[in-house]
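# Observations on the three-dimensional arrangement
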Amino acid sequence: SDFLALRQRGISRAHPLLVLRAAPNARDQTRFGFVISKRVSAKAVDRNRIRRRLREIVRRAPIRQGWDQLLIARKPILEADFQTIRDVVLDLERRLNLLEKSDDSGKGGE
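Presented here is an overview of the structure given in this document.

## A look at the nonpolar core
Core analysis: the biggest nonpolar cluster contains 26 residues, and Leu18, Leu54 and Ile77 have the highest contact counts within it. Going through the elements one at a time, strand 2 (18-24), helix 2 (44-60), strand 4 (67-73) and helix 3 (82-95) are the ones with two or more residues in this core. Examining the composition of this core, we find that 5 residues originate from one element, helix 3, more than from any other. When residues no more than four places from it in sequence are discounted, the contact partners of Ile77 are Leu17, Leu18, Val40, Ile50 and Ile85. Leu6, Val19, Ala23 and Leu70 belong to the second largest nonpolar core, which has 5 residues in total.

Here it is as structure tokens:
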């Protein structure tokens, strides 16, 4: 039911590797769902590797609290390396304004 609600009332952004759907959840935590279908790969080992990578990326990312998010993998993600997937996820999060605001502007610390 939560996935259905996310599809109905959520906002989304797409990239050739991933689709990100998000909706506020009125909680003080952000919940994630990952969809890697058999259309992406028939091999469970490939789907699980993609899922582990996505989980690690969102674990490290400075994502705002209070959102339900669904990351839907597309077939080209099989050929992408970790850094490329990370950049895509952060770009999609940024486009939906889901990243925490930071004081630095990406420049090196002093």
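## Considering the pattern of salt bridges
Side chains that differ in charge, positive against negative, can pair when their charged atoms come close. One pass over the full model with this rule turns up 6 salt bridges. The closest approach of N and O atoms between Arg60 and Glu56, which form a salt bridge, is 2.7 Å. One end of the pair is Arg60 and the other is Glu56, both in helix 2 and 4 residues apart, which spans about a single turn. For Glu56, a relative accessible area of 23% puts it in the partly exposed group. The closest approach of N and O atoms between Arg95 and Asp91, which form a salt bridge, is 3.7 Å. Separated by 4 residues within a single helix, Arg95 and Asp91 lie in helix 3, roughly one turn from each other. When its relative accessible area of 40% is taken as the criterion, Arg95 is described as partly exposed.

## Considerations on the side chain of Asp46
Note that Asp46 resides in helix 2. In terms of polar contacts, Asp46 uses its side chain to reach the side chain of Ser41, at 3.0 Å. Here the side chain of Asp46 touches Arg49 through a polar contact of 3.3 Å, side chain to side chain. If sequence neighbours within four positions are ignored, Asp46 has contacts with Ser41 and Leu78.

## Some thoughts on the packing of helix 2 against helix 3
For the pair helix 2 and helix 3, interaxial distance at closest approach is 10 Å and the crossing angle is 55°. Taken together, helix 2 and helix 3 sit at an angle that is classed as oblique. Helix 2 and helix 3 meet at a crossing whose hand is right-handed. Residues Arg53, Leu54, Glu56, Ile57, Val58 and Arg60 of helix 2 lie in contact with helix 3, whose contacting residues are Phe82, Ile85, Arg86 and Val89. Within the contact of helix 2 with helix 3, the residues separate by chemical class into 6 nonpolar, no polar and 4 charged.

## Concerning the sheet that holds strand 2
Taken in spatial order, the 4 strands make up an open sheet running 1-2-4-3, and their pairing is mixed. Unpaired on one side and paired on the other, strand 1 (11-14) and strand 3 (31-35) mark the two borders of the sheet. Ignoring strand direction, the axes of neighbouring strands in this sheet form an average angle of 15°. Relative to strand 4, strand 2 runs antiparallel, the two sharing 7 bridges. Note that in strand 4 the partner of Leu20 across the bridge is Leu71. Sheet strands in contact with helix 2 are strand 2, strand 3 and strand 4, and its direction is about 155° off that of strand 3. Sheet contacts for helix 3: strand 1, strand 2, strand 3 and strand 4; angle to strand 2, the most-contacted strand, approximately 40°.

Analysis parameters
- Residues numbered from 1 in each chain as written.
- Predicted model: local features only at pLDDT ≥ 70, side-chain atom pairs only at ≥ 80, totals over all residues.
- Heavy atoms only, no water.
- Core = buried A, V, L, I, M, F, W, Y, C linked by side-chain atoms within 4.5 Å.
- Buried < 20%, exposed > 50% of the residue type's maximum accessible area, 1.4 Å probe, protein only.
- Helix = DSSP H or I, 4+ residues; strand = E, 2+ residues; numbered from the N terminus.
- Contact = heavy atoms within 4.5 Å.
- Salt bridge = Lys/Arg side-chain N within 4 Å of Asp/Glu carboxyl O.
- Polar contact = N/O pair within 3.5 Å; in protein donor to acceptor, adjacent residues only side chain to side chain.
- Axes fitted to C-alpha atoms, helices over the stretch in contact; angles between N-to-C directions.
- Parallel < 35°, antiparallel > 145°, perpendicular 65-115°, else oblique.
- Left-handed = near helix turned anticlockwise from the far one by under 90°.
- Nonpolar A, V, L, I, M, F, W, Y, C, P; charged D, E, K, R; others polar.
- Pairing = 2+ DSSP bridges.

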